[in-house]
Amino acid sequence: MFADFGVLNYWTYLLGAIFIILVPGPNTFFVLKTGVSHGIRKGYMAALAVFIGDAVLMSLSFAGVATLIKTTPLLFNIVRYLGAIYLLYLGVKMLYSTLKRKTAGQEEEPEPGHAIFKRALTLSLTNPKAILFFLSFFVQFVDPAYAHPELSFLILGGIVQLCSALYLSMLIFGGAGLARHFRAR
């Protein structure tokens, strides 16, 4: 379908991208939690940060970071472990604040939009699932013989961003709707 633009095995890429997006990861959980806790608007702020983080990872992949990390396993492990440590930190922080609120009998306070955006962007940029996707899976579908590989990357990036936008929108609206339903009861 996009072979004329240097995209190899489009349907395989599309199925793989959908599968990887559907596998729950830290971005998925954060956007869902934000949609449930803070509503649709802030859920989309978190999703926007995820899209920007993914675009940065795609750009780095295009710029050759994939080759650098593959040839320097130490750098790859540093990125991977930093991402894992940050995810662990976020999990402990969320668990602590939830337990603290339940002990004190408090409701969750609204979080400012800029704080949500910043956390989601940091989470997206350090997300091991996204890093592995863009560094290993994503680049396999670009024809190295094509004269304009930036166009191939742009097409592949657009496809994954569209799939991600549809999925995250479903999570945001579904989570916010369920939260409204349970609050009404």
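Conventions we followed
Residues numbered from 1 in each chain as written. Predicted model: local features only at pLDDT ≥ 70, side-chain atom pairs only at ≥ 80, totals over all residues. Heavy atoms only, no water. Helix = DSSP H or I, 4+ residues; strand = E, 2+ residues; numbered from the N terminus. Expected span 1.5 Å × (residues − 1). Buried < 20%, exposed > 50% of the residue type's maximum accessible area, 1.4 Å probe, protein only. Contact = heavy atoms within 4.5 Å. Phe/Tyr/Trp six-rings, centres within 6.5 Å; stacked < 30°, edge-to-face > 60°. pLDDT = per-residue confidence, 0-100. Patch = residues over 30% accessible without salt bridge, like charges linked within 9 Å, V, L, I, M, F, W, Y side chains within 5 Å. Areas by Shrake-Rupley, 256 points an atom, 1.4 Å probe, with all protein chains shown as cover. Salt bridge = Lys/Arg side-chain N within 4 Å of Asp/Glu carboxyl O. Core = buried A, V, L, I, M, F, W, Y, C linked by side-chain atoms within 4.5 Å. Polar contact = N/O pair within 3.5 Å; in protein donor to acceptor, adjacent residues only side chain to side chain. 1 Å grid on protein atoms, 1.4 Å probe; cavity = no way out; pocket = protein on both sides within 12 Å on 5 of 7 lines; lining within 4 Å. Points joined across faces, edges and corners; volume = space filled by probe spheres on them.

What follows deals with helix α1 (residues 10–22). Between its first and last C-alpha atoms α1 spans 18 Å; for 13 residues at 1.5 Å apiece the expected length is 18 Å, and the two agree. Of all the positions in α1, only Tyr10, Tyr13, Leu14, Gly16, Ala17 and Ile21 are classed as buried. At its buried positions, α1 is contacted by α2 (26–38), α7 (128–137) and α8 (149–184).

The subject of this paragraph is the packing of aromatic side chains. Scanning all chains against the criterion turns up 7 aromatic pairs. On the numbers, 6.0 Å between centres and 70° between planes, the contact of Tyr44 with Phe173 is edge-to-face. With Tyr44 in helix α3 (residues 40–63) and Phe173 in helix α8, the pair connects residues that are 129 residues apart, well separated along the chain. One aromatic cluster is present, formed by Phe2, Phe5, Tyr10 and Trp11 through successive ring pairs.

Residues of the chain with pLDDT of at least 70 account for 87%, and the chain-wide mean is 84. The spread of mean pLDDT over the elements of the chain runs between helix α4 (residues 65–71), the lowest at 65, and α3, the highest at 92.

Judged by side-chain polarity, Leu48, Ile52, Val56, Leu60 and Leu125 come together as a nonpolar surface patch covering roughly 360 Å² of accessible area. The biggest single contributor to the nonpolar patch is α3, with 4 residues.

With that out of the way, let us pick up the nonpolar core. Tyr13, Phe133, Phe134, Phe138, Val160 and Leu168 are the most contacted members of the largest nonpolar core, which has 37 residues in total. If you tally residues by element for this core, the top one is α8, at 10 residues. Leu168 has contacts with Thr28, Val31, Ala47, Val50 and Phe51, leaving out every residue within four places of it along the chain.

Turning our attention to unusual backbone geometry. Positive phi, close to 50°, is recorded for Asn9, a residue that is not glycine. By secondary structure assignment, the location of Asn9 is in the segment before α1. Classification of Asn9 by relative accessible area gives exposed; the value is 55%.

What follows is about the environment of Ala147. Residue position: Ala147 is located in the loop between α7 and α8. Along the backbone, Ala147 and Phe5 are 142 residues apart, and their C-alpha atoms lie at a distance of 9.0 Å.

Within the fold, Gln161 resides in helix α8. A polar contact of 2.9 Å, which involves the side chain of Gln161, links it to the backbone oxygen of Phe51.

Here α7 lies mainly inside the structure; 7 of its 10 residues are buried. Burial in α7 covers these residues: Pro128, Ala130, Ile131, Phe133, Phe134, Leu135 and Phe137. The distance from a side-chain oxygen at the start of α7 to the backbone nitrogen of Lys129 is 3.0 Å, and the residue carrying that oxygen is Asn127.

This part covers empty space enclosed by the protein. Going through the model one piece at a time under the given rule, you end up with 2 cavities of 30 Å³ or more. In this structure, the largest cavity spans a volume of roughly 220 Å³. Lining the largest cavity are 19 residues; nearest its centre among them are Ile21, Asn27, Asp54, Lys129 and Ser164. Looking at the lining of the largest cavity, the elements with two or more residues in it are α1, α2, α3, α7 and α8. The greatest single-element share of the lining of the largest cavity, amounting to 5 residues, is contributed by α8.

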